[in-house]
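As a plain string of letters, each chain reads:
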Amino acid sequence: MSSTWLTKAVLQFERVLWLVSSGMLFVLGYLWGVLEFGMSHPLSFMASLESLSSFEFAEQSVHQLPGGIWAHISEGEVGYVFTRTEQLFISTVIFFCQVILAIIMMLCLITLRDKSYRIYSGVVLYASGLLMVSPLYSLYESGTVLPWWELVRVAGALLCVRWAAKSLPTPQPHSQALIVYASQTGSAKYLAQRLHDTAHALMDIACVSTLTEHTLQRYQRVFFVVSTYGQGEAPDSARRFVTTLQEANSAASQTQFSVLALGDRNYQTFCAFGHYLSELLEQKGYQRAIPTTEIDRMDPQGVAHWWQQVGELLGIHTAPELFEYDDYTVVANECLNPEQTHRLAHRVTLFRADVRYEAGDLLAVQPEQKDEHERLYSIASYQDNTIELLVRQHIRADGTIGLVSGMLSQLTPGDRVLASVREHTTFHPKTTVPWIMIGAGTGLAPFISFLKKRQTGQDNAPCWLFFGEQYLEHDDYFAKELTEFQKQGILTRLDRAWSRSDGVYVPDLLQQSHKAIRQWVVEQGAHVYVCGSRAGFGESVLATLQNILPEPQWQLQLHTDLY
């Protein structure tokens, strides 16, 4: 249920019905008592009783005399006479009971939409209706009140509600704090899990995709570990939560929060989503516990400093083991385009017993200089104990070679590498649906893993690969594997764009096949995967796809891994 106040109201239904029932029992008891044991005034009454408004209570008649006074009249004599104060008090109690019952019934009709509260709300609605039709609420309309039956009515309503209360969701015991991750490539999730391991007794963990406003307010403190994707955008998993939070009403909250924003200072939108989320939470009434902390490329010192502040709030005195790497052995290292000396691509094969991963996952590689930041590479294999990478040797503007890409491209069989598999759930291929895979350069790597997974399973849905590079004669990576996939019927269509050989780019191929792409996506339910450099390739591909794909498919069936 999205509204916190409405959820709280539902949980108070039984208590409020007890209050209404108490009011009704008071009126019953009072009327019963004064009519049975109250002082009487045995005066002769000569007027015609048929002309007076009346109601029956326990087989005794109460009439409204001229002037509005209630009186018990029996056999032509006036018995107990109610004072105006008594009448006003009884009428007020009855009126407020009616109003409360009407409000409860209205709220029940609203909460019936929520599956978690449907049974309870339905029974409360029935019980409220049962009480609402009591003749106590129609005393002025010649009603007949049978006290014993009214007692049965009240008892039955309360017993029904007590029984239905068993269907309410059981409140789960929870920690005082929650750590939430919003991850695109898996780094934020990995980091949040490592931090949670240090304080799991004091802290729960959740993906932002499962978060609701109600969940936030269950905790005293919520700590966000979030990455920024693309041009300052939220990771895919955070979009729904951000929309929900944007639409929520601002209200003061006791929940405190802090944001650990992950990013890369090489991008102008460094940590932009982290800052946006922090400001949005504050606008909605949440209390900032620790200033937003920027982390450049998983800098361990920055993370440790933020975690120290978290520890001071929660009473945690254990430093986390943030980054844990496994030892991999180099099996092979093949340069796939030796003629392209300024942009060499290497196929690196690593071995580690019992290593497990999913197609689409990443490998975080630790540089030889331990104070440097790790680098992430798409896995280009789908085989137990083995991981293959497609590595571009990066050359900086000053002519020097990148630390990790340089290290990997110079490895020889038998060398050791420290690395760690990072789960990349937003880029895992969907099963039993067609795939349209779009990659350029080393962005081909995850699609080799996709196709190898298809090769090992029973899934025979069609696959379509768009691949772009510079030269057909130099940069035709994994050519033998792709040809074999085609022969086996795993790769249904393969379109290549060679920008230097033919002057053709991937967006050109997409535009040429826009009708077929749209048909695959809309009619066959194909999912589209894009991997490669964001600058140039990624931006142009997304711009083209946005003109091809309808909005629902753009939101739900497009997956990107752009760097």
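Every chain begins its residue count from 1, and numbering advances along the sequence as written. Only residues with pLDDT of at least 70 are given local features in this predicted model, and only at 80 or more are side-chain atom pairs given and counted; all residues enter the totals for whole chains, interfaces and linings. The side-chain values count all of the structure's non-hydrogen atoms but skip hydrogen atoms and water molecules.

- For the protein chain, an unreviewed UniProt entry supplies the name NADPH--hemoprotein reductase and the organism Marinomonas ostreistagni.

## Thoughts on the pairing of strand 20 (residues 463–469)
Okay, step 1: Buried means the residue's accessible area, taken with a 1.4 Å probe over protein chains only, is under 20% of the maximum for its type, while exposed means over 50%, and partly exposed covers the values in between. Each helix corresponds to a stretch of at least 4 residues labelled H or I by DSSP, and each strand to a stretch of at least 2 residues labelled E; elements are numbered beginning at the N terminus. With seven of seven residues buried, strand 20 lies mostly within the body of the structure.
Okay, step 2: Here strand 20 shows two buried faces, one formed by Cys463, Leu465, Phe467 and Glu469 and the other by Trp464, Phe466 and Gly468.
Okay, step 3: By definition, two strands form a pair when at least two bridges between them are found by DSSP. Where strand 19 (residues 435–440) meets strand 20, six bridges bridge the pair, whose relative direction is parallel. Counted as the bridge partner of Ile436 is Trp464 from strand 20.
Okay, step 4: When the strands point away from the viewer, a crossover counts as right-handed if the route from the first strand across the helix to the second turns clockwise. Taking the sense of rotation as the criterion, the β-α-β connection linking strand 19, helix 12 (residues 445–456) and strand 20 turns out right-handed.
Okay, step 5: Where strand 20 meets strand 21 (residues 493–498), six bridges bridge the pair, whose relative direction is parallel. Across the sheet, Gly468 pairs through a bridge with Ala497, a residue of strand 21.
Okay, step 6: Remark: the strand 20/helix 13 (residues 479–487)/strand 21 crossover connection has right-handed handedness.

## A closer look at the nonpolar core
Okay, step 1: To qualify as a nonpolar core, a set must consist of buried Ala, Val, Leu, Ile, Met, Phe, Trp, Tyr and Cys residues joined through side-chain atoms within 4.5 Å. Within the largest apolar cluster, 42 residues are counted, with the highest numbers of intra-cluster contacts made by Phe13, Leu17, Phe82, Tyr120 and Val124.
Okay, step 2: Only helix 1 (4–11), helix 2 (13–37), strand 2 (54–57), helix 3 (84–111), helix 4 (118–132) and helix 5 (147–164) provide two or more residues apiece to this core.
Okay, step 3: Among the elements that make up this core, the one with the highest residue count is helix 2 (nine residues).
Okay, step 4: The contacts of Leu17, once residues within four sequence positions are left out, are Leu101, Ile104, Val124, Ala127, Ser128, Leu131, Leu158 and Val161. Whether two residues are in contact is decided by their heavy atoms: any pair within 4.5 Å suffices.

## Points about the domain arrangement of the protein chain
Accessible area lost upon the coming together of the parts is a frequently used measure of interface size.
Okay, step 1: Segmentation into domains, and thus their bounds, comes from an automatic or database assignment. What the domain assignment reports for the protein chain is domain 1 (2–42 + 93–167), domain 2 (177–314), domain 3 (326–425) and domain 4 (429–562).
Okay, step 2: Placing the centre of domain 1 and that of domain 2 at their C-alpha centroids yields a distance of 45 Å.

## Digging into the pattern of salt bridges
Okay, step 1: Within this document, salt bridges are pairs made up of a side-chain nitrogen of Lys or Arg and a carboxyl oxygen of Asp or Glu, the two lying within 4 Å of each other. Enumeration over the complete set of coordinates arrives at 23 salt bridges.
Okay, step 2: The partner of Arg153 in a salt bridge is Glu150, with the nearest N and O atoms 3.0 Å apart. With Arg153 and Glu150 both in helix 5, this residue pair falls three residues apart, about one helical turn. Here Arg153 matches Glu150 in class, with each residue buried.
Okay, step 3: For Arg343, the salt bridge identified is with Asp475, shortest N-O distance 3.8 Å. Taken as a pair, Arg343 in the loop between strand 13 (326–335) and strand 14 (345–351) and Asp475 in the loop between strand 20 and helix 13 lie far apart in primary sequence, 132 residues in all.
Okay, step 4: Linked through salt bridges whose partners overlap, the residues forming this network are Arg343, Arg392, Glu469 and Asp475.

## Re the packing of helix 4 against helix 5
Okay, step 1: What counts as an axis is a line fitted to C-alpha atoms, over the stretch in contact for a helix, and the angles between N-to-C directions run from 0 to 180 degrees. Orientation of helix 4 relative to helix 5, taken along the N-to-C sense of each, is 175°, at an axis distance of 9 Å. Here helix 4 lies roughly antiparallel to helix 5, going by the angle between them. Where helix 4 approaches helix 5, its residues Tyr120, Val123, Val124, Tyr126, Ala127, Leu130 and Leu131 are matched on the opposing element by Arg153, Val154, Ala157, Cys160, Val161, Trp163 and Ala164.
Okay, step 2: Each residue is assigned to one of three groups, with Ala, Val, Leu, Ile, Met, Phe, Trp, Tyr, Cys and Pro labelled nonpolar, Asp, Glu, Lys and Arg labelled charged, and all others, Gly among them, labelled polar. Residues that form the contact of helix 4 with helix 5 fall into these classes: 13 nonpolar, no polar and one charged. For classification, angles of less than 35 degrees are called roughly parallel, those exceeding 145 degrees roughly antiparallel, those between 65 and 115 degrees roughly perpendicular, and all remaining angles oblique.

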